[in-house]
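# Per-entry structural report
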Amino acid sequence: MSKNSDYFGLSYIVSLILAIIPVTSFILGVVTRFLEGKIVAGLLRILLGWNIIWILDIIFMATQKKIFRLLNV
């Protein structure tokens, strides 16, 4: 996986567009966290990912080119 952005190595612009769309942001955020081996973080995204985390994903993707990481454990 490339380190260009968090969503499967896609370009920054494509990842930003995907982060803005709520459903794709939720699904890709969960899948990304599970692929990183962060099971608890993936489960938290499933439980909390529709509101605050979605907004934080947009902000973090626009400023840091990464999704928000609540837990990095």
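The paragraphs below set out a description of the structure included in this document. (Residues numbered from 1 in each chain as written. Predicted model: local features only at pLDDT ≥ 70, side-chain atom pairs only at ≥ 80, totals over all residues. Heavy atoms only, no water.)

## Quick look at the packing of aromatic side chains
In the structure shown here, the tally under the stated rule is 1 aromatic pair. Considering the side-chain rings of Phe 60 and Phe 68, the 5.2 Å spacing of their centres and the 70 degrees angle between planes classify their relative orientation as edge-to-face. Owing to a relative accessible area of 23%, Phe 60 belongs among the partly exposed residues under this scheme. On the accessibility criterion, Phe 68 (15% relative accessible area) is buried. Against the face of Tyr 12 rests Lys 65, its NZ or CZ located 4.9 Å from the ring centre. (Phe/Tyr/Trp six-rings, centres within 6.5 Å; stacked < 30°, edge-to-face > 60°. Buried < 20%, exposed > 50% of the residue type's maximum accessible area, 1.4 Å probe, protein only. Lys NZ or Arg CZ within 6 Å of the ring centre and 35° of its normal.)

## Description of the pattern of salt bridges
Taken as a whole and assessed by the stated rule, the structure comprises 3 salt bridges. One salt bridge in this structure joins Arg 69 and Glu 36, with 2.4 Å as the shortest N-O distance. Of this pair, Arg 69 sits in the segment after helix 4 (52-64) while Glu 36 sits in the loop between helix 2 (22-35) and helix 3 (39-48), and the two are 33 residues apart along the sequence. The class of Glu 36 is partly exposed, set by a relative accessible area of 32%. The partner of Asp 57 in a salt bridge is Arg 45, with the nearest N and O atoms 2.9 Å apart. Of this pair, Asp 57 sits in helix 4 while Arg 45 sits in helix 3, and the two are 12 residues apart along the sequence. On the basis of relative accessibility, which here comes to 1%, the residue Asp 57 falls in the buried class. Taken together, the shared-partner salt bridges connect Arg 33, Glu 36 and Arg 69 into one network. (Salt bridge = Lys/Arg side-chain N within 4 Å of Asp/Glu carboxyl O. Helix = DSSP H or I, 4+ residues; strand = E, 2+ residues; numbered from the N terminus.)

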